[in-house]
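# Residue-level structural notes
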Amino acid sequence: MSELPVGPLSFLLPTRIELGVGLAERLGKLSAEAGYRSAFVVVDPGVHAAGAADGALRSLEAAGLTLTLWTRLQPNPTDVDVEAGAAALAEDRKDVIIGIGGGSALDTAKGIAVLATNPGRVRDFAGNGNVPNRAWPLVLVPTTAGTGSEVTANISITDVRTHDKLALRDPNNYAKLAILDPALLRGLPAPAAAAAGMDALTHAVESYVSVRATALTKLLAYDATRRIGASIEAFVADRGDERHATEMLYASCLAGIAISHTGTGNAHAVARALGGRYGVAHGVGCGVALEPVMRFNSEAVRDDYAILAQALGVADPSAGSDTNAERAIRRVGQIRAAVGLPEQLDVDVAAEALPELGRWAADSSGPNPRPTSPDEAAELVRAVVRA
Ligand SMILES: [Fe+2]
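Residues numbered from 1 in each chain as written. Predicted model: local features only at pLDDT ≥ 70, side-chain atom pairs only at ≥ 80, totals over all residues. Heavy atoms only, no water.

## A few points about the nonpolar core
Counting 71 residues, the largest nonpolar core has Ile 232, Phe 235, Leu 274, Tyr 305 and Val 384 as its most contacted members. Element by element, the count of residues in this core is highest for helix α10 (residues 282-311), at twelve residues. Each of domain 1 (16-185) and domain 2 (190-385) gives at least three residues to this core. Discounting chain neighbours no more than four positions away, the residues touching Leu 274 are Gly 279, Val 280, Leu 345, Val 349, Leu 357, Val 381, Val 384 and Val 385. Core analysis: the next-biggest nonpolar cluster, separate from the first, contains 28 residues, Val 42, Trp 70, Leu 138 and Leu 140 among them. (Core = buried A, V, L, I, M, F, W, Y, C linked by side-chain atoms within 4.5 Å. Buried < 20%, exposed > 50% of the residue type's maximum accessible area, 1.4 Å probe, protein only. Helix = DSSP H or I, 4+ residues; strand = E, 2+ residues; numbered from the N terminus. Domains from an automatic or database assignment. Contact = heavy atoms within 4.5 Å.)

This is the structure we're talking about:
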């Protein structure tokens, strides 16, 4: 594992985590025990239509909670939808906000919870540490294994006017309770499982080498990498496999806790640059960018990648860091291909657009371990889209 000495560190996770197969059926009981008698339930419309939230909704009703159902949200949550949800909640106060779905539903629920106690527009609270009051009580129930949004302080919301991806990062955004039920992943289509799983793998790898990593976050990121590496292929092939679904849901939660403390890196920067303007799904963008980004970062974090080769089960104990780092990078590419993601995205990006994309990506490089110029970031974007 990590050679990182224990330095000064700060770690906060105010979210209670409950994991178990079939736990969503006990959502009502858990909510009633927490003292909630009414709930504003934010559900992904696709999840709702497929009936995946039925057990959870039935259990809330059976426990006597009064419900308002809110399904107005989109794949990239918008400030307009979040503000509409907050206005609906203000008219019809409920004891708790419950989010059920993938990252988009969870982030929409989180955004509504922030506005419920912080009057204003979403964009007023963007940035680091700009949410003055603790969010409204919030329970999050992920139906994908990927974003880890159920345990992060970050909320991603698109400003529809400017197309900017706003990031609201504040300890006041944490949920009270995260319910991890692997049975909810059963209905996930394979491509969605692959994209979310690659997002989680990207969180784990980028957190491990983040300049803000600590001994504690490395522990989480290493174990998340190990579990995802061992389970992602089998899980994408069969989302109903309880053992692999549990591994993926647990590992994506670990990786979420890790990135909430360390931030992410260049794969996320590239995915963000392509997400807002070209509609590339977050997990797909991250999954395709991870391998070239690791290759770019390798000179700065070769020893760390060699350790991740152990986590991924491909280390050669007789070889040096160079070889093992390369083995980790190759394994990531192999996983990407095995779950059905291409080496390059079929996105039409004009060569003239690359410098600006590079500037955006370099701007959101964050705690990436190798400093990245706009030209270098443009090269990373080009490697991913074949411009
Ligand atoms: Fe992500």
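## Considering α10
The terminal C-alpha atoms of α10 lie 24 Å apart, and with 30 residues this falls more than 12% below the ideal 44 Å at 1.5 Å per residue. Burial analysis of α10 places 21 of its 30 residues in the buried class, the great majority of the element. Looking one or two residues beyond α10, the residue adopting positive phi is Gly 313, at roughly 75°. (Expected span 1.5 Å × (residues − 1).)

## A closer look at the packing of aromatic side chains
According to the stated counting rule, one finds two aromatic pairs in the structure shown. The ring of Trp 136 carries Arg 93 above its face, with NZ or CZ at 4.6 Å from the centroid. A cation over a ring is seen here: Arg 370 above Phe 296, with NZ or CZ 3.9 Å from the ring centre. (Phe/Tyr/Trp six-rings, centres within 6.5 Å; stacked < 30°, edge-to-face > 60°. Lys NZ or Arg CZ within 6 Å of the ring centre and 35° of its normal.)

## Here we look at the pairing of strand β4 (residues 96-101)
Every regular strand shows the same layout, with side chains that alternate between the two sheet faces. Judged by how many residues are buried, β4 sits mostly within the fold: six of six residues are covered. Neither face of β4 is exposed, since Val 96, Ile 98 and Ile 100 on one face and Ile 97, Gly 99 and Gly 101 on the opposite face are all buried. In terms of strand pairing, β4 meets strand β6 (residues 138-142) through five bridges, oriented parallel. Bridged to Gly 101 within β6 is Pro 142. (Pairing = 2+ DSSP bridges.)

## Observations regarding a nonpolar patch on the surface
On the surface, Val 6, Leu 9 and Phe 11 cluster together into a nonpolar patch covering about 270 Å² of accessible area. Residue position: Phe 11 is located in the segment before β1 (16-19). Classification of Phe 11 as partly exposed rests on a relative accessible area of 32%. (Patch = residues over 30% accessible without salt bridge, like charges linked within 9 Å, V, L, I, M, F, W, Y side chains within 5 Å. Areas by Shrake-Rupley, 256 points an atom, 1.4 Å probe, with all protein chains shown as cover. Salt bridge = Lys/Arg side-chain N within 4 Å of Asp/Glu carboxyl O.)

So far we have only geometry, and geometry alone does not tell us how the molecule works.
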